[in-house]
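What follows is each chain in one-letter form.
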Amino acid sequence: MLSINNLHVKLGDEDKQILNGVDLKIGAGEVHAIMGPNGSGKSTLSYVLAGRDGYVVTDGSATLVGADLLAMAPEVRAAAGLFLAFQYPVEIPGVGNMTFLRTALNAQRKARGEPEVSAGDFLKLVRDKAKRLQIDADMLKRPVNVGFSGGEKKRNEILQMAVLEPKMCILDETDSGLDVDAMKLVAEGVNSLRNAGRSFLVITHYQRLLDHIAPDVVHIMATGRIIKTGGPDLALEVESNGYADLLSEAY
Amino acid sequence: MGMIQSRQDQLAARIAGQVPPLGLADARADALDRLAVTGLPGKRDEYWRYTDPMILNEPAARKAAVFDASDETPIFGAIDRLKLVFVDGIFDASASDPLDLAGVQIDRLAECQGSDHWAGAFYGVLEKAGQTPVNRPFAGLNSAFAREGVLIRVTGKATKPVSLIYIHKSDSSDVMLHHCIKIERGAEMTLLESGLAGARFNAVLEVELCEGARFHHIRAQGRNHDRHEVTHLFARLAAKALFKSFTLTANGALTRNEAVIDIRGDDAVAYVAGAAVGDGKFHHDDTVFVTHDALRCESRQVFKKVLKNGAVGVFQGKILVKSGAQKTDGYQISQALLLDGDSQFLAKPELEIYADDVKCSHGSTSGAIDETALFYLRSRGVPVSQAQALLVLAFLAESIAEIEDQAIAEDIRSRLEGWLARHDH
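For every chain, the first residue of its written sequence is number 1, and the numbers climb from 1 along that sequence. Lettering of chains starts at A and numbering of ligands starts at 1, both following the order in which they are written. Under the rules for a predicted model, residues below a pLDDT of 70 receive no local features and side-chain atom pairs below 80 are neither given nor counted, while totals for whole chains, interfaces and linings still include all residues. Water and hydrogen atoms were dropped before computing side-chain values, which therefore reflect all heavy atoms in the structure.

1. Here we look at helix α4 (residues 119–132) of chain A
Residues and elements named next belong to chain A.
And step 1. Here α4 spans 20 Å end to end across 14 residues, near enough to the 20 Å set by a 1.5 Å rise per residue.
And step 2. The contact rule is simple, with two residues in contact once any of their heavy atoms fall within 4.5 Å. Numbered from the N terminus, helices here are DSSP runs of H or I no shorter than four residues, and strands are runs of E no shorter than two. On the buried face of α4, the contacting elements are α3 (97–111), α5 (137–141) and α6 (150–164).
And step 3. Two residues or fewer past α4, Q134 is found with a positive phi of approximately 55°. Here the expected length of a helix is defined as 1.5 Å per residue gap, with one fewer gap than residues.

2. Notes on the packing of helix α7 (residues 384–400) of chain B against helix α8 (residues 406–422) of chain B
For any two helices packed against each other, one specifies the inter-axial angle together with the distance between the axes.
All names here are of chain B.
And step 1. Axis lines are fitted through C-alpha atoms, for helices just across the contact stretch, and the angle between N-to-C directions can take any value from 0 to 180 degrees. Interaxial distance between α7 and α8 falls to 11 Å at its minimum, and their mutual angle equals 145°. Crossing of α7 against α8: the hand is right-handed. The residues of α8 that touch α7, namely those facing A389, V392, L393, L396 and I400, are A409, I412, R413, L416, E417 and L420. Crossings are classed by handedness, with left-handed meaning an anticlockwise turn of the near helix from the far one by less than a right angle and right-handed meaning a clockwise turn.

3. Topic: the confidence of the model for chain B
The predicted structure's coordinates, where accompanied by low pLDDT, should not be read in detail.
And step 1. Residue-level confidence of the predictor, termed pLDDT, takes values from 0 up to 100. Residue-level pLDDT values for chain B average 95, and 99% of them are 70 or greater.
And step 2. Both confidence scores are given for the complex: pTM 0.91, ipTM 0.95.

4. So, the pattern of salt bridges
And step 1. Any carboxyl oxygen of Asp or Glu within 4 Å of a side-chain nitrogen of Lys or Arg constitutes a salt bridge here. Applying the stated criterion to the full structure yields 47 salt bridges over all chains.
And step 2. Across the pair E114 of chain A and R109 of chain A runs a salt bridge whose closest N-O atoms are separated by 3.8 Å.
And step 3. Three exposure classes are used, based on accessible area relative to the maximum for each residue type with a 1.4 Å probe and protein chains only: buried under 20%, partly exposed in between, and exposed over 50%. For E114 of chain A, a relative accessible area of 31% puts it in the partly exposed group.
And step 4. R109 of chain A sits in the partly exposed class, given a relative accessible area of 22%.
And step 5. Across the pair K128 of chain B and D30 of chain B runs a salt bridge, and its minimum N-O distance is 3.3 Å. Pair noted here: K128 of chain B is in helix α4 (residues 125–129) and D30 of chain B is in helix α2 (residues 25–38), with a separation of 98 residues, a long-range link.
And step 6. Given the relative accessible area of 25%, D30 of chain B is considered partly exposed.
And step 7. Several salt bridges converge on common partners, so that one network encompasses D71, E72, R223, D411, R415 and R422 of chain B.

5. With respect to the interface of chain B and chain A
The parts lose accessible area when they come together, and the size of an interface is often stated as this lost area.
And step 1. On the chain A side, the residues contacting the 16 residues of chain B number 30 residues.
And step 2. Two parts placed together each lose some accessible area under a 1.4 Å probe, and adding up what both lose gives the buried area. Together, the buried faces of chain B and chain A total about 1,900 Å²; carbon and sulfur atoms form 69% of this surface.
And step 3. The largest contributions to the chain B side of the interface with chain A come from F375, Y376 and R380 of chain B, which together make up 44% of the buried area.
And step 4. Our count for the contact surface shared by chain B and chain A stands at 2 salt bridges.
And step 5. A salt bridge links E157 of chain A to R380 of chain B, with the nearest nitrogen and oxygen atoms 2.7 Å apart.
And step 6. We define a polar contact as two N or O atoms separated by no more than 3.5 Å, with the added condition that, inside protein, one atom must be a possible hydrogen donor and the other a possible acceptor, whereas residues neighbouring each other in sequence contribute only through side-chain atom pairs. Here chain B and chain A share 9 residue pairs in polar contact (both at pLDDT 80 or more) between them.
And step 7. Ranked by the residues each element gives to the side of chain B that touches chain A, the list is headed by helix α6 (residues 371–379) of chain B, at 7 residues.

6. Observations regarding the side chain of H219 of chain A
Residue and element names in this part refer to chain A.
And step 1. Looking at where H219 falls in the secondary structure, it is placed in strand β11 (residues 217–222).
And step 2. For H219, a relative accessible area of 5% corresponds to the buried category.
And step 3. Within the structure, H219 has its side chain in polar contact with the side chain of H32 (distance 2.8 Å).
And step 4. Setting aside anything within four residues of it in sequence, one finds H219 in contact with L24, H32, A33, I34, M35, I226, K228 and T229.

7. A few points about unusual backbone geometry
And step 1. Following T132 of chain B, the chain continues into P133 of chain B via a peptide bond in cis, with omega recorded as 5°.
And step 2. Within the secondary structure, P133 of chain B sits in the loop between α4 and α5 (137–145).
And step 3. Of note, the amide linkage connecting G222 of chain B to R223 of chain B takes the cis form, showing an omega dihedral of 10°.
And step 4. Within the secondary structure, R223 of chain B is located in the loop between β9 (214–221) and β10 (228–237).
And step 5. With a phi angle near 60°, N145 of chain A is a residue other than glycine that sits in the positive phi range.
And step 6. When you line up the elements, N145 of chain A lands in the loop between β8 (143–144) and α6.
And step 7. Residue classification places N145 of chain A among the buried positions, given a relative accessible area of 0%.

Dropping the structure here:
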């Protein structure tokens, strides 16, 4: 599904190198987690994959189902099936949540040569998916993320994921700022989307999210590289021992 | 002294050979007398600091190519309305509906002598009052010389809007229109204005709202590029009156819209709003003066401009709260979205308050498109041009929200969508 090879990235406006040769392969239907200390490059990796400005790829490649991801505009990546759940979902005053979702869905469908979804069908689709995430009608009517609590914003990200039905979902610290109940709700939302054709990359600081979204593979990232890869046990090891042991092993 | 002389000279050149129409002679003579004292404005006048009046001062209109807007359905086309058509500033009876609407008396300024008509004691009165504390010479010029316009007296609730439609057929037409509207106690009407009036256009609209009267005004200026336009809207509100005016401006080399709102009666409400979009040779000036002179009144000014390729936006907005106008609630916001580094927004918000128990706020901002929001939309699959249009419309939405009628608001919104699609580069 997603294949990242020797990815090197620096910040566009300075010489600071952030990613120093990331290698990662995620198969269809797999859930991978990336853990790592602050500043290890986890969020940068997610932004570079989604196509945010301000980063320069100096070496390496990233492909989604064989297509060169790095050559595509952000909207083309989305239509190709990539989805990034933001760590800090953006507030957009003046744009209604429903308008936003419908515009996004139909833009993706149009790009893929599929017919647009009618207003009536769309309403039904969203209501059904929103209900499962306990998102009420009022939240759908309000401008995108404006006045939403931290938990509401994250649930709204998962709602977008559910409506857009991407192939490759990247969750950037979706657990940050959530209380236990909100985290469970988000995790349930994610789990309900798991299937053989959809893959996940879950970026997190803490093991606790992984109690709810069980990963197949866990990677540890530090100083812009994957320094260790293992099974779910690796996350537990980090939780009890911290990153220090792993970091010293790596150097 | 030299400057004063030059103002008089400009006036003399501007009006040389022109004779005021015969009707409403006293009001016109008075306007001319006032004008003789002030002359025409100059660039060094504080009130014209951000907008050069030179082209408006010139004796003849500069040529403006006749604009073909047939790629768009006419605005307000779906609204049931009474249509009054002016071609290059001359009323066209054959293209207009009969001047017949229940509860509304409509006459032509061109046919009004004054003495036996309600407008005889009305014409120019609010314009004259609006010359203090700031001179507005183009409004005086209009009162002195305008031959055409409508005189509307509303005694009931108008069943449909009165729609003034301007058509531009000559590339050198120098148009002046003067409209007078009096809305009697408890009466209500909506006035629509649309179309391209001429190469140069000077418009005055005087509106008097008696107790409990309601007036809605929605104006669409555009889309011709070469026009030079100066408009004045004078309104006076009695107790419990409601006044709402919205202006859409698309394109235009020079547009100066002045609104002078005088709130005289308690518990009255006045909203003025505008959305302006310009690309390239575009200078757009909103100059607003709201005076609160009564208890518990509310006023709002909401102005938004989208500017690109060197377009210039100006906002001069003032709220004056006179002593005794307690419990005033005044709000003013002016914002510009600069789509590139070449465009400019010049804003002068002012509050002058002589009462101690009032709530007044003002804000003015200019900025670029929010890149984070743009990326967020694109990351969900929305193409960059569509994402930009969504964000621009979202920016303008607060001003469009000032329009009460949803069908009209939606029409305005779709015009802006069309403009954005045409200027998407």
